Amino acid sequence: MSTGVPDARRITIDRDADIVAARQAGRELASQAGFKGSDLTLIATAISEVARNIVVYAKRGEISLTLLDEDNRRGLQVVAKDEGPGIPDIEKAMRDGFSTGGSLGLGLPGARRLMDDFEIESRLGVGTTVTLRKWVRRG
Amino acid sequence: MSVPILKLGDVLIASIQLEQTDAELLALRDRLTGQVGDARAQGVIIDVSALDVMDSFATRTLRAIAYSSRLRGAHTVVVGISPEVAFSMVQLGLELGAVSTALDLDDALAQIEEHRRSEHRRA
C-alpha cells in the first residue's frame, strides 16, 4: 500500500538549522516505522548528535534515513556521511567526555547508547561515515 | 523568532515556543545573561517543554546560562522536561550541573523564593 510518503530521506547538512531538519525528518520516518514515545525522542536525539558532528568537524555532509523491513522486524537506519578531515583516533572519540571540538564529548558514545546498532568508518583526509540502526520493539 | 523573555517581579521567564537551532540557543544564553544584570533578577526560569530533544548542545547551553546567572546572583530553574526527554538525557549520559529542575512554574517559583531567602540569611 502506498501512502505517498517516501520511505527514505536525504538531508544535506551544512548549517545548524539542518540539524533540526534532520532530527525532525528522523522522527517522522521513525513514527512511520512504528516507533512510539520515548523511542522517537531517542532516535531524534541520536540524529541531532551525529548531525552536529558533521557541522562542527566536517562543515558539510549528508544524513540518509531509511526505513528497514527485514526478517519480520522493522527499523530505521541513519547514515551520517561527510568528507571532512576524518577521526584520527576512533577509540578515543568513542570514549565519554573526549572532545576536540569543545563539546561535552558525548556525541558519538551517546548516539551509540541511544540506538541498537552502531558502526563507524573514518579515514583521515577522506571522511567519516556513521551508521546507526534502531529496531521497533515487539510486544 | 527569538524566545520571549517575560519578567515577573525579579524573575525572568524564558518560554521557548519552537525548536531552537544551536545559534538561537546561544542567542538566548546571551540575552538572558545580559538581562539578569539589567533586571537585577534573582531567578531565571527556562521552559523547555517545546523542545523535542535535549541533546548535548542544548544541555551544555542551559548549564552555561545557569553558571553565568549564578555568578550574577540569580538562580536558574528549568521546567518542562518531558519523561521521554528525561529518559533520553539519561541514555546520552547528560547531567545538568548547576541547573535546578522543576515540574512546573509553581514549583520553579517556589525554588527561587527559597533561593532568595537563603541569600537574605547570608546577607
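About the cut-offs
- Residues numbered from 1 in each chain as written.
- Chains lettered and ligands numbered in written order.
- Predicted model: local features only at pLDDT ≥ 70, side-chain atom pairs only at ≥ 80, totals over all residues.
- Helix = DSSP H or I, 4+ residues; strand = E, 2+ residues; numbered from the N terminus.
- Rg over C-alpha atoms; globule rule 2.2 N^0.38 Å.
- Core = buried A, V, L, I, M, F, W, Y, C linked by C-beta atoms within 7 Å.
- Buried ≥ 20, exposed ≤ 12 C-beta atoms within 10 Å, placed from the backbone.
- Contact = placed C-beta atoms within 7 Å.
- Pairing = 2+ DSSP bridges.
- Axes fitted to C-alpha atoms, helices over the stretch in contact; angles between N-to-C directions.
- Nonpolar A, V, L, I, M, F, W, Y, C, P; charged D, E, K, R; others polar.
- Parallel < 35°, antiparallel > 145°, perpendicular 65-115°, else oblique.

Chemist: Whenever I open this one, the overall build of chain A confuses me. Can you help?
Modeler: Looking only at helices and strands, chain A features four helices and five strands. Starting at the N terminus and walking to the C terminus, you meet the elements of chain A as β-α-α-β-β-α-α-β-β. For 139 residues, the compact-globule estimate of 2.2 N^0.38 gives 14 Å, and the C-alpha radius of gyration of chain A, at 15 Å, lies within 12% of that figure. Seen through its C-alpha atoms, chain A measures out along the principal axes to roughly 45 × 30 × 25 Å.

Chemist: What should I look at first to understand the nonpolar core in this one?
Modeler: For soluble globular proteins, nonpolar side chains are generally found buried alongside one another. All names here are of chain A. With 64 residues, the main nonpolar core has Ala46 and Ala51 as its most contacted residues. Looking at which element gives the most residues to this core, the answer is helix H2 (residues 37-58), with ten residues. If near-sequence neighbours (up to four positions away) are discounted, Ala46 is found in contact with Val78, Ala111, Leu114, Met115 and Leu132.

Chemist: What am I meant to see in the sheet that holds strand E4 (residues 75-79) of chain B here?
Modeler: Where strands meet in a sheet, backbone hydrogen bonds hold them as pairs that are either parallel or antiparallel. All names here are of chain B. Read across the sheet, five strands follow the order E1-E2-E3-E4-E5 without closing on themselves; strand pairing throughout is mixed. The open sheet has two free edges, formed respectively by strand E1 (5-8) and strand E5 (100-102), since each of these has just one partner strand. The mean inter-strand angle of the sheet, taken between neighbouring strand axes irrespective of direction, is 25 degrees. Where E1 meets strand E2 (residues 11-15), four bridges bridge the pair, whose relative direction is antiparallel. In the sheet register, Leu8 faces E2, and the bridge partner there is Val11.

Chemist: What should I look at first to understand the interface of chain B and chain A in this one?
Modeler: Listed per partner, the contact involves 18 residues of chain B and 23 residues of chain A. Looking at side-chain class alone, the side of chain B that touches chain A contains seven nonpolar, five polar and six charged residues.

Chemist: Would you mind showing me how to read the packing of helix H4 (residues 107-114) of chain A against helix H3 (residues 83-92) of chain B here?
Modeler: Packed helices, taken two at a time, are described by their axes: the angle between them and the distance between them. Close contact between H4(A) and H3(B) brings their axes to 8 Å; oriented N to C, the two are set at 120 degrees. Relative to H3(B), the element H4(A) lies oblique. Across from A:Gly110, A:Arg113 and A:Leu114 in H4(A), the residues of H3(B) making contact are B:Ser88, B:Gln91 and B:Leu92. Residue composition of the contact of H4(A) with H3(B), by class: two nonpolar, three polar and one charged.

Chemist: Where do I start with the sheet that holds strand E1 (residues 8-13) of chain A in this structure?
Modeler: All names here are of chain A. Here we have five strands laid out as an open sheet, ordered E1-E2-E3-E5-E4, and antiparallel in their pairing. Lying at the two open borders of the sheet, with one neighbouring strand each, are E1 and strand E4 (117-123). When strand polarity is set aside, the average angle formed by the axes of neighbouring strands in this sheet is 15 degrees. As paired strands, strand E2 (residues 61-70) and strand E3 (residues 73-82) are joined by ten bridges and run antiparallel to one another. Of the residues in E3, the one forming a bridge with Leu67 is Leu76. Where helix H1 (residues 16-33) meets the sheet, it contacts E1, E2 and E3, and its direction lies at approximately 170 degrees from that of E1. Packed onto the sheet, H2 meets E1, E2, E3 and strand E5 (127-135) and runs at close to 15 degrees relative to E3.

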